[in-house]
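So you can see what is in the structure, the chains are spelled out below.
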Amino acid sequence: MALRFSANVSWLFPERAALPARLEAAARAGFRAAEAAWPAGCEAAALRAAAARAGLRLVLLNTPPGDPDKGEMGLGAVPGRQPAFREGLAMAVQYAKAVDCPRIHLMAGRVPVGADRAAVAGEMETTFIENLRYAADILAQEDMIGLIEPINSRITDPRYFLNTPHQAAAILEKVGRPNLKLQLDIFHCQIMDGNLSRNLETYFPLIGHIQIAQVPGRHEPDSPGEVNFPYLFQLLESLGYTGYVGCEYAPKGSLKHHPTKSTWLLKAPHGSAFPGEGSRALQNLLHLKHPPSPRDHCLP
């Protein structure tokens, strides 16, 4: 089956301030699916209407991050914040239902400032497992999938609790709920562990969503870097991956160039075209502008 790509509109098309406008831009670039972080300030009705106009499906949203002014980046594993996590989960489920989105990323959160990671790891894992079991039961009632994503602690977020696929897989095993899956971002996985082929094969049964960006710059897949994306795409196809591949990176190019083909698309499996969802998007992926604005919103 051809791979399906989704535009992460929290990262792509940042020259457009409003998420609805970014959805329209994604559709013009050839995408048929989109994803986003927590859409703060954007009414669900406005986002759903924009997706319908653009002919896009929303496939992933995050839970609210908590209080950014206090440095929070998710609450799932943060001891003492269980009530706030449950409140945020309820908001995310309500929003996802309103926009017909079937997946929610349950953000783990950060090791508290001044705390030693090893000293608090046990308590944070216990909190995370408790919250994930609660979330899984809520999501099952709505036929939704919950995702947990390891974020690298070497470059992106030194205090993020969940930072390797091995740690995530162990937690998912302890939680024991079939509607919780691994969100594997190739960028984070390469930085923390490398060994991408074996990691994809090992954790494939757990994977519910994949995201991509080149390493170390977090730019387009064919920008200079460490990862051989044509090979990985072929591997995913050979494994029978049927989920979405989220394009979550800070683009360096611009749509004004309008190339007919991108170099990495030419190296795609079977020399082509991942037909259907995203083939025109793939040709345009390398020509989007710069990194995202700090907050997503719904301005005119």
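Before any of the text, the structure's been laid out above.
This write-up is about the structure you can find in this document. Bear in mind that the values here come from a model prediction, so they are computed numbers and not experimental data.

1. Observations regarding the overall build of the protein chain
A tally of regular secondary structure across the protein chain gives ten helices and eight strands. Out of the 300 residues in the protein chain, the part that is buried amounts to 56%. Residue pairs in contact within the protein chain that sit at least 24 positions apart in sequence constitute 80% of those at least 6 positions apart.

2. So, the pairing of strand β1 (residues 4-8)
Of all five residues in β1, five are buried; the element is thus mostly enclosed. What you see with β1 is no split at all: Arg4, Ser6 and Asn8 on one side and Phe5 and Ala7 on the other are buried throughout. Relative to strand β8 (residues 244-247), β1 runs parallel, the two sharing four bridges. By the bridge assignment for β8, Phe5 is matched with Val245. Handedness of the β-α-β unit built from β1, helix α1 (residues 19-28) and strand β2 (residues 33-35) comes out right-handed.

3. Quick look at unusual backbone geometry
For the peptide bond that leads from Val215 to Pro216, omega is 10°, which places it in the cis range. Phi is positive for Asp143, close to 60°, though the residue is something other than glycine. Here Asp143 is to be found in the loop between α4 (117-141) and β5 (145-148). Using a relative accessible area of 70% as the deciding quantity, one classes Asp143 as exposed. A positive phi is found at Asn195, a non-glycine position, where the angle reads about 50°.

4. Observations regarding the pairing of strand β7 (residues 207-212)
Across the six residues that make up β7, a large majority, six, are buried. As judged from the four bridges shared by strand β6 (residues 180-185) and β7, these two strands associate in the parallel manner. Residue pairing in the sheet places Gln183 in a bridge with His209 of β7. As paired strands, β7 and β8 are joined by three bridges and run parallel to one another. Pairing of Ile210 across the sheet is with Val245, part of β8.

5. So, the packing of aromatic side chains
Scanning all chains against the criterion turns up five aromatic pairs. Look at Phe128 and Phe161: their rings are 6.3 Å apart centre to centre, the planes differ by 85°, and that puts the pair in the edge-to-face class. Remark: Phe161 occurs in the loop between β5 and α5 (165-175) and Phe128 occurs in helix α4; sequence separation between them is 33 residues. On the basis of relative accessible area, Phe128 is assigned to the buried category, the value being 0%. You can call Phe161 buried: its relative accessible area is 3%. When the ring of Phe229 is compared with that of Phe233, the centres are 5.7 Å apart and the planes differ by 35°; the resulting orientation is tilted. One end of the pair, Phe229, and the other, Phe233, are both in helix α8 (residues 229-239), four residues apart, so they sit about a helical turn from each other.

6. Considering the packing of helix α7 (residues 196-203) against α8
For the pair α7 and α8, interaxial distance at closest approach is 11 Å and the crossing angle is 20°. Taken together, the axis directions place α7 and α8 in an arrangement best described as roughly parallel. Like other packed secondary-structure pairs, α7 and α8 cross with a definite hand, here right-handed. Facing α7, whose interface residues are Leu196, Ser197, Leu200 and Glu201, α8 presents Tyr231, Leu232, Leu235, Leu236 and Leu239.

7. Some points on the pattern of salt bridges
All chains considered together, the criterion is met by ten salt bridges. Note that Glu72 is salt-bridged to Arg81, the shortest N-O span being 2.9 Å. Between Asp185 and Arg218 there is a salt bridge; the shortest N-O distance is 3.7 Å. With Asp185 in strand β6 and Arg218 in the loop between β7 and α8, the pair connects residues that are 33 residues apart, well separated along the chain. Neither residue differs from the other here; Asp185 and Arg218 are each classed as buried. Overlapping salt bridges, with partners in common, bring together Asp185, Arg218 and Glu248 in one network.

Thresholds applied
Residues numbered from 1 in each chain as written. Predicted model: local features only at pLDDT ≥ 70, side-chain atom pairs only at ≥ 80, totals over all residues. Heavy atoms only, no water. Helix = DSSP H or I, 4+ residues; strand = E, 2+ residues; numbered from the N terminus. Buried < 20%, exposed > 50% of the residue type's maximum accessible area, 1.4 Å probe, protein only. Contact = heavy atoms within 4.5 Å. Pairing = 2+ DSSP bridges. Right-handed = clockwise from strand over helix to strand, strands pointing away. Phe/Tyr/Trp six-rings, centres within 6.5 Å; stacked < 30°, edge-to-face > 60°. Axes fitted to C-alpha atoms, helices over the stretch in contact; angles between N-to-C directions. Parallel < 35°, antiparallel > 145°, perpendicular 65-115°, else oblique. Left-handed = near helix turned anticlockwise from the far one by under 90°. Salt bridge = Lys/Arg side-chain N within 4 Å of Asp/Glu carboxyl O.

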